[in-house]
Amino acid sequence: MSAPNGRSPQAAPVGVDPMDVDVDEALALANDNRPHSGRHHGEQRHGEPHQGDRRRGEQPMGERTTERTAGRTTPENSATPGTPVPAPSHRHAATSWATARRTAARAERGPRAARSVPLDQALGLVLAAPLTALTDLPSFDTSAMDGWVVAGPGPWAVGGEGLLAGHEPPAPLTDGEAAAIATGARVPSDATAVIRSEHGHLDAGGQLHALHAVAHGQDIRPRGQECRSGDLLLPAGALVTPAVLGLAAAAGYDTLTVVPRPTVEVLILGDELLTAGLPREGLIRDALGPMLPHWLRALGVEVTAVRRLGDDAKALLKAVREAGTDLVVTTGGTASGPVDHVHPTLRALDAELLVDGVAVRPGHPMLLARLKEGQHLVGLPGNPLAAVSGLLTLAEPLLRVLSGRAQDQTHSSAQRQTHSGQRQLDGGRNADAYTAPLHTPAPGHPHDTRLIPIVLRQDDGSGHEWAVPLHYNGPAMLRGIAAADGLAVIPPGGATEGQEVEILDLPWSWNPGLPGLNPAGNEGCFT
């Protein structure tokens, strides 16, 4: 059977589900001779010995056969300066999943520099400065209802023209006088109350009579009832929602100081990918090109370009070198195969590897590198669900910080809440993670974390929300994730029925602009 990317499959290691191993992962697991590329975080520069620990069950360095080199450029046969050059293989331990996410969240010191934008461009961004009231709200006494504004005790003589919103201040009323008034209109000075139109009647002589007792100040919104000028309305870090835009406008703002959207360029790698039609002759449809840009936009970023480079090492080097975005995302090419060019490219650019392989399934050969100050690269595996794993493990935490959505680091994981899908803080770093009990057991990898698609369903008896694992969760499959509400984080060794596990939300499961995508029953035959 052909592998999803059209290359020859590798046998899964003993104890590992074959569905849970993609080609990149198989190369990494079977050969376990990943090249040392660029500079590892906190290590010496490339070319100097790497002292990483061995993964559990590994053989010592040098005891395995050498990796395939057909078609690869080596230091000895390279003839073109600046061409990515693979380095000798260096063994290192894969980073744990939790550590990889923390590393990604700490890769940047903080959000992008603040910028002032018009209100109509601020939706979905994060406030970079506190929102304080520029005026009293309301800024004058106004009527809360249509009816009559009265002064003193009744009955009242109704005179003059009615008072409408947006008009000049009305003349004062004296005791026994009344005037018709519309909602939002200024209330005359010395007014006692507003009588709703349904709570009063006019007699034949034009006198207004109240049908109920009149309380002083009733149905009048006094100046400053909502806030006084200078009051804090929202702190820095608040998400700009439609309601926030309305509040800001009411409080006198024409622009808001926000954290601009991080910028991302997506580079699709692989000669085997088709952009249209049915798979044929060893070629497959590109699933990541249509998926990743919209997924990234749902995370609140600006995708500036999606470029298809095939398996061209020089084109990849040029594209990464010339990228002007905060983040570059590549797909495929992160392992040690003959056309896996990401590591050599990083080494050619003297990039600093922060994460090089993560102990997670699917998606083991993902990576995170610092290209230069303020610019990073996330290398995703080529298989679709493995790429989703890399996106949530490395790209999402980094983009959260860049966009200003990172949570207060002082919160502790002890503040987590369980059951019913309640939001929690994951060590102060992830507000879109929470826990839920598993409806059925979930097998685990012997040593690595697993991420599996789930739907959340409420138990009719207890009212608790359960995480129901979905089928079709292999690294090359999207059928499960397409019906999912989130991904369950399964610890090494697996999880039992009823065990609380961490749940990672998907952007569309909480995005207010995308309601109702996964109603009950939408999972069909996936569970």
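Look up: the structure comes first, before these words.
Because the structure is a prediction, the values reported are computed rather than measured.

Caption draft 1: Representation of the environment of Thr 393 in the model. With respect to the element layout, Thr 393 can be found in helix 7 (residues 384-402). Thr 393 sits 292 residues away from Arg 101 along the chain, and the two C-alpha atoms are 5.4 Å apart. Once residues lying within four places of it in the same chain are set aside, the contact partners of Thr 393 are Trp 97, Ala 100, Arg 101, Ala 104, Val 358, Met 366 and Leu 451. There is a polar contact of 2.9 Å between the side chain of Thr 393 and the side chain of Trp 97.

Caption draft 2: Highlighting the side chain of Arg 370. Here Arg 370 shows up in strand 23 (residues 367-372). Overall, Arg 370 belongs to the buried group, its relative accessible area being 17%. Among the polar contacts made by the side chain of Arg 370, one reaches the side chain of His 376 at a distance of 3.4 Å.

Caption draft 3: Expanded view of the sheet that holds strand 3 (residues 115-118). Spatially, 3-15-4 is the arrangement adopted by the three strands of the open sheet, whose pairing is antiparallel. In the strand order of this sheet, the two ends are held by strand 3 and strand 4 (126-127), each with one partner. Taken together, the four bridges between strand 3 and strand 15 (residues 255-259) define a ladder with antiparallel strand orientation. Looking at strand 15, one finds that Ser 116 is bridged to Thr 257.

Caption draft 4: Here's a closer look at the packing of helix 2 (residues 97-105) against helix 7. Where helix 2 meets helix 7, the closest approach of the two axes is 7 Å, and the angle between their N-to-C directions is 30°. Considering their axes alone, helix 2 and helix 7 lie roughly parallel with respect to each other. As for the relative orientation of helix 2 and helix 7, their crossing is right-handed in sense. Contacts from Trp 97, Ala 100, Arg 101, Ala 104 and Ala 105 of helix 2 reach helix 7 at Leu 392, Thr 393, Leu 394, Glu 396, Pro 397, Leu 398 and Val 401. For the contact of helix 2 with helix 7, the per-class residue count stands at nine nonpolar, one polar and two charged.

Caption draft 5: Spotlight on the pattern of salt bridges. Under the criterion given, the structure shown has 13 salt bridges. Among the ionic pairs, Arg 307 bridges to Glu 265, the shortest N-O distance being 3.2 Å. Of the two residues, Arg 307 is situated in strand 19 (residues 302-310) and Glu 265 in strand 16 (residues 263-269); the sequence distance between them amounts to 42 residues. For Glu 265, a relative accessible area of 8% translates into the label buried. A salt bridge links Asp 485 to Arg 457, with the shortest nitrogen-to-oxygen separation between them at 3.6 Å. Of this pair, Asp 485 sits in the loop between helix 8 (479-482) and strand 29 (486-490) while Arg 457 sits in strand 27 (residues 449-458), and the two are 28 residues apart along the sequence. By relative accessible area, Arg 457 is classed as buried at 18%. Through salt bridges with shared partners, one network takes in Arg 101, Glu 396 and Arg 400.

About the thresholds
Residues numbered from 1 in each chain as written. Predicted model: local features only at pLDDT ≥ 70, side-chain atom pairs only at ≥ 80, totals over all residues. Heavy atoms only, no water. Helix = DSSP H or I, 4+ residues; strand = E, 2+ residues; numbered from the N terminus. Contact = heavy atoms within 4.5 Å. Polar contact = N/O pair within 3.5 Å; in protein donor to acceptor, adjacent residues only side chain to side chain. Buried < 20%, exposed > 50% of the residue type's maximum accessible area, 1.4 Å probe, protein only. Pairing = 2+ DSSP bridges. Axes fitted to C-alpha atoms, helices over the stretch in contact; angles between N-to-C directions. Parallel < 35°, antiparallel > 145°, perpendicular 65-115°, else oblique. Left-handed = near helix turned anticlockwise from the far one by under 90°. Nonpolar A, V, L, I, M, F, W, Y, C, P; charged D, E, K, R; others polar. Salt bridge = Lys/Arg side-chain N within 4 Å of Asp/Glu carboxyl O.

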